[in-house]
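Now for the letters of each chain:
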Protein chains: 2
Amino acid sequence: MLSESELINSLKTEFPNQIGDDAAVLPFSEQESYVITKDLLVEDLHFRLKYQDPISLAYKALHVNLSDIAAMGAKAQFVLLGIAIPMSTEEYIHQFVKAFAQACKEAGVYLIGGDTTKSPDKLFISVTAIGIAPKQNLKYRHTGTEGNLVCVAGDLGKALIGFTALERKEAGFDVFKEAFLKPKALVQEGQWFGTQQGVTAMMDISDGLFVDLKRLCEASKVAAEINLNYLSITEEFKMACQHLKLDPLSTQVSGGEDYSLLLCVKSDQYLAIERAFKEKFGYGLKSIGHLTKGFGVSFFHDGQPKALTLHPFSHFGEF
Amino acid sequence: MLSESELINSLKTEFPNQIGDDAAVLPFSEQESYVITKDLLVEDLHFRLKYQDPISLAYKALHVNLSDIAAMGAKAQFVLLGIAIPMSTEEYIHQFVKAFAQACKEAGVYLIGGDTTKSPDKLFISVTAIGIAPKQNLKYRHTGTEGNLVCVAGDLGKALIGFTALERKEAGFDVFKEAFLKPKALVQEGQWFGTQQGVTAMMDISDGLFVDLKRLCEASKVAAEINLNYLSITEEFKMACQHLKLDPLSTQVSGGEDYSLLLCVKSDQYLAIERAFKEKFGYGLKSIGHLTKGFGVSFFHDGQPKALTLHPFSHFGEF
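Parameters at a glance
- Residues numbered from 1 in each chain as written.
- Chains lettered and ligands numbered in written order.
- Predicted model: local features only at pLDDT ≥ 70, side-chain atom pairs only at ≥ 80, totals over all residues.
- Heavy atoms only, no water.
- Helix = DSSP H or I, 4+ residues; strand = E, 2+ residues; numbered from the N terminus.
- Rg over C-alpha atoms; globule rule 2.2 N^0.38 Å.
- Buried < 20%, exposed > 50% of the residue type's maximum accessible area, 1.4 Å probe, protein only.
- Contact = heavy atoms within 4.5 Å.
- Areas by Shrake-Rupley, 256 points an atom, 1.4 Å probe, with all protein chains shown as cover.
- Lys, Arg positive; Asp, Glu negative; His and termini not counted.
- Charge placed at Lys NZ, Arg CZ, Asp CG, Glu CD.
- Salt bridge = Lys/Arg side-chain N within 4 Å of Asp/Glu carboxyl O.
- Expected span 1.5 Å × (residues − 1).
- Pairing = 2+ DSSP bridges.
- pLDDT = per-residue confidence, 0-100.
- Axes fitted to C-alpha atoms, helices over the stretch in contact; angles between N-to-C directions.
- Left-handed = near helix turned anticlockwise from the far one by under 90°.
- Nonpolar A, V, L, I, M, F, W, Y, C, P; charged D, E, K, R; others polar.
- Polar contact = N/O pair within 3.5 Å; in protein donor to acceptor, adjacent residues only side chain to side chain.
- 1 Å grid on protein atoms, 1.4 Å probe; cavity = no way out; pocket = protein on both sides within 12 Å on 5 of 7 lines; lining within 4 Å.
- Points joined across faces, edges and corners; volume = space filled by probe spheres on them.
- Phe/Tyr/Trp six-rings, centres within 6.5 Å; stacked < 30°, edge-to-face > 60°.
- Lys NZ or Arg CZ within 6 Å of the ring centre and 35° of its normal.

## So, the overall build of chain A
Within chain A, the secondary structure is distributed over 10 helices and 12 strands. Taken over C-alpha atoms, the radius of gyration comes to 19 Å for chain A, in line with the 20 Å a tight globule of 319 residues would show. Across the 319 residues in chain A, those meeting the buried criterion constitute 59%. Put simply, 84% of the contacts in chain A that link residues at least 6 apart link residues at least 24 apart. For chain A, the exposed area adds up to about 12900 Å²; of that, 50% sits on carbon and sulfur atoms. Of the charged side chains in chain A, 31 are positive and 39 negative, and the gap between their average positions amounts to 2 Å.

## Side note on the pattern of salt bridges
Counting across every chain of the model gives 20 salt bridges over all chains. With a shortest N-O distance of 2.9 Å, D44(B) and K122(B) are connected by a salt bridge. Placement of D44(B) in the loop between β2 (32-42) and α2 (54-71) and of K122(B) in the loop between β4 (110-119) and β5 (124-134) is noted, with a sequence separation of 78 residues between them. Because the salt bridges share partners, they merge into one network encompassing D44(A), R48(A), K122(A) and E167(A).

## Examining helix α7 (residues 209-220) of chain B
Residues and elements named next belong to chain B. In this model, α7 (12 residues) spans 16 Å end to end at C-alpha, consistent with the 16 Å of a helix rising 1.5 Å per residue. The set of residues buried in α7 consists of L209, V211, D212, L213, L216, C217 and S220. The first or second residue beyond α7 is K221, which carries a positive phi of 55°.

## Brief notes about the pairing of strand β9 (residues 260-265) of chain B
Residues and elements named next belong to chain B. For β9, the tally of buried residues reaches six of six residues, placing the bulk of the element in the interior. Side chains of β9 alternate between two faces, with S260, L262 and C264 and L261, L263 and V265 buried alike. Across six bridges, the pairing between strand β7 (residues 199-205) and β9 is antiparallel. By the bridge assignment for β9, A201 is matched with C264.

## With respect to the confidence of the model for chain A
Mean pLDDT over chain A stands at 92; residues scoring 70 or higher make up 91%. Quick note on the complex model: pTM equals 0.90, ipTM equals 0.86.

## Some thoughts on the packing of helix α6 (residues 187-194) of chain A against helix α10 (residues 270-281) of chain A
Residues and elements named next belong to chain A. One can describe the packing of α6 onto α10 by two numbers: an axis separation of 12 Å at closest approach and a directional angle of 145°. Seen along the crossing, α6 lies across α10 with a hand that is right-handed. Contacts from Q188, E189, W192 and F193 in α6 reach I273, A276, F277, K280 and F281 in α10. Here the residues of the contact of α6 with α10 are counted per class, giving six nonpolar, one polar and two charged.

## Here's the deal with the sheet that holds strand β1 (residues 24-27) of chain A
All names here are of chain A. In spatial order, the strands read β1-β2-β5-β3-β4; together these five strands make up an open sheet with mixed pairing. Single-partner strands in this sheet number two, and they are β1 and β4 (110-119). Going across the sheet, the axis of each strand differs from the next one's by a mean of 20°, ignoring polarity. The pairing of strand β3 (residues 75-86) with β4 spans nine bridges and is parallel.

## Looking at the sheet that holds strand β10 (residues 286-292) of chain B
Residue and element names in this part refer to chain B. With mixed pairing, the seven strands of this open sheet are ordered in space as β7-β9-β6-β10-β8-β11-β12. Edge positions in the sheet fall to β7 and β12 (304-305), since each of these pairs with one other strand and no more. Sitting on the sheet, α7 touches β6 (149-153), β7, β8 (223-227), β9, β10 and β11 (296-301), and the angle it makes with β7 is about 140°. Packed on one face of the sheet, helix α10 (residues 270-281) meets β6, β7, β9 and β10 and runs near 5° to β6.

## Remarks on the side chain of T251(B)
All names here are of chain B. Inspection of the secondary structure puts T251 in helix α9 (residues 248-254). Judged by its relative accessible area of 3%, T251 falls in the buried class. Within the structure, T251 has its side chain in polar contact with the backbone oxygen of D247 (distance 2.7 Å). Not counting residues up to four positions away in its chain, the partners in contact with T251 are G157, L160, I161, F237, C241 and L246.

## Structural notes on empty space enclosed by the protein
Enumeration according to the criterion identifies one cavity of 30 Å³ or more in this entry. Empty space within the largest cavity amounts to approximately 50 Å³. L26(A), Y34(A), I36(A), I130(A), L26(B), Y34(B), I36(B) and I130(B) together form the lining of the largest cavity.

## Section: helix α2 (residues 54-71) of chain A
Residues and elements named next belong to chain A. The end-to-end C-alpha distance of α2 is 26 Å, a good match for the 26 Å that 18 residues give at a rise of 1.5 Å each. Of the residues flanking the start of α2, the one acting as N-cap is D53, its side-chain oxygen 2.9 Å from the backbone nitrogen of I55. Immediately beyond the C-terminal end of α2, within one or two residues, lies G73, with a positive phi of roughly 85°.

## A short note on the packing of aromatic side chains
Tallying each qualifying case throughout the model produces 24 aromatic pairs over all chains. For the pair F96(B) and F100(B), a centre-to-centre distance of 6.0 Å together with 25° between the ring planes defines the contact as stacked. Highlighted residues: F96(B) and F100(B), both in helix α3 (residues 90-107), separated by four residues, approximately one helical turn. As far as the burial class goes, F96(B) and F100(B) line up, both buried. Both rings, one in F176(B) and one in F237(B), keep their centres 6.4 Å apart while their planes meet at 65°; by these two values the pair is edge-to-face. Taken together, the residues F176(B) in helix α5 (residues 174-181) and F237(B) in helix α8 (residues 235-244) connect sequence positions 61 residues apart. For F176(B), a relative accessible area of 5% translates into the label buried. Judged by its relative accessible area of 4%, F237(B) falls in the buried class. Taken together, the ring pairs in this structure connect W192(A), F193(A), F277(A), F281(A) and Y283(A) into an aromatic cluster. Sitting above the plane of the F180(B) ring, K60(B) keeps its charged end 3.8 Å from the centroid. Looking at K182(B), its charged tip hangs above the ring of Y59(B), at a distance of 4.6 Å from the centre.

Encoded structure:
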């Protein structure tokens with residue numbers, strides 16, 4: 001099976017310099033740019049109808065796209081909704097559409113078009129989101145530099161715990177299930193990071209810290225060293241992992257679908273940014289390592305190199 | 001089963017004035033607007049792998065979107081490609097991606113992003129296209145007025161013949177099969193109509209003349225009277241219909257997937273536009289009727305009202 005990155009590489013060969021960030025940049029005015037992204041959600045790959053209600057699915061379909069826009073430092077403005085609808089899901093889709101419209105209103109974005117069609121069996125959702133940002137606020141993946149701190153805003157691994165609990169039909173784990181079923185894009189945070197000159201690069205973490213940081217490192221032509229001691233593993237997180245027989249560190253490092261933000265910050269500006277962030281958003285920004293010469297992502301624990309057994313987050317395909 | 005128009009109406013209720021044309025309009029510069037559209041292609045609904053090669057599918061996936069952009073009077077500039085890929089189609093998708101890139105180059109559009117993912121069984125393609133037009137060139141569906149002539153540029157019913165022949169495994173019908181498998185958007189024509197002040201309204205014909213003209217009439221709050229004598233039914237078309245036991249008139253009126261252009265033209269400017277069109281494009285513009293007070297689409301033949309048994313074009317779902 002062709003991997004996503006092989007496909008993207010094959011497209012990149014055809015269109016160099018066009019593809020790579022969370023969203024593509026288009027000219028708008030002298031001061032501002034549009035950013036545009038699209039994400040697919042496929043039944044029984046990204047969601048299962050049996051445990052995903054239409055309201056959370058609508059919310060998620062929107063927010064995975066809002067997250068890409070936020071990761072560029074931009075403000076989402078417009079969305080287009082494409083749905084391929086199996087015969088059996090009429091009532092579900094009615095609720096989905098209503099909830100999608102509601103989620104758009106809450107996020108202050110306009111639904112401006114789309115496409116609906118029947119589907120032979122699975123439900124497919126394709127959302128395109130368009131945002132606007134002052135040009136100088138745009139953040140990319142290829143602009144991280146040696147010496148930058150690697151930071152994360154938002155949770156790591158929570159959605160993987162929720163997903164695992166849902167797949168294994170475990171009762172409880174409500175907070176974790178919610179993180180998977182109804183992630184909330186860090187819309188305000190992304191825009192705010194856009195205004196911070198000390199933030200040199202940004203992307204959202206949709207496929208897990210390890211996979212996405214590796215992408216950022218490749219784009220920026222640097223390596224990253226991550227100090228696992230700096231990950232914040234709560235008692236609740238540890239207990240949930242224990243119950244599900246997951247390794248807490250690996251879960252944080254490889255769990256996808258959290259839609260947190262991964263950023264590179266100039267080390268001499270980190271303290272000011274961290275303080276201002278906490279004041280504005282009421283929670284902490286985690287500095288978990290730094291960029292260095294070379295390539296690849298390596299992990300350290302208690303000062304020693306640490307090998308982790310990582311399974312890149314890959315939805316139901318690998319379960 | 002919820003129809004597409006019911007769904008769109010349900011979305012329209014939530015977002016009045018936002019949805020309706022072939023593409024949505026976004027601000028660009030003082031003189032120009034962006035237009036943006038997205039179309040879904042679903043395996044075994046819009047195409048079948050068993051008779052659609054990856055090259056024609058790539059071409060079609062692009063051109064159904066280019067057609068929407070052209071129908072707004074705009075020039076396509078950028079596309080995003082989303083694909084959900086079943087395990088079994090690796091080699092097919094490799095060729096599809098290469099051909100899609102090639103089709104983009106031929107059309108002068110840049111592939112700027114997208115999303116790829118696995119799919120549990122069916123291949124699912126979602127393309128978003130973005131165009132640019134001078135604001136005064138933009139054409140809509142809601143601006144047709146009483147007395148305008150109803151005109152068509154391009155073929156009617158050819159794709160339905162091809163589709164029928166393919167589904168029934170009939171040999172021959174190559175021109176018709178090509179029309180279904182690899183439609184060519186009227187990119188230049190759409191842009192040119194955009195520059196014509198005498199063209200009051202425009203849309204592309206993707207779901208068949210009857211269905212799409214009805215949509216235009218609803219948007220413009222007018223009725224349309226179509227003179228079936230003005231449809232150009234060639235000998236080749238008639239023979240193909242005869243062989244497949246299709247009614248030639250109904251096939252022209254209800255056949256979808258031709259991606260021709262439907263336009264309303266001020267009657268006093270028709271002759272000049274028709275002449276200039278023929279000179280520029282080497283083929284004729286068909287005037288097939290006119291807009292009038294009221295609602296709905298009615299047909300006349302030899303001066304008499306004519307009832308047609310129409311099956312709205314609905315792909316494999318209805319076969």
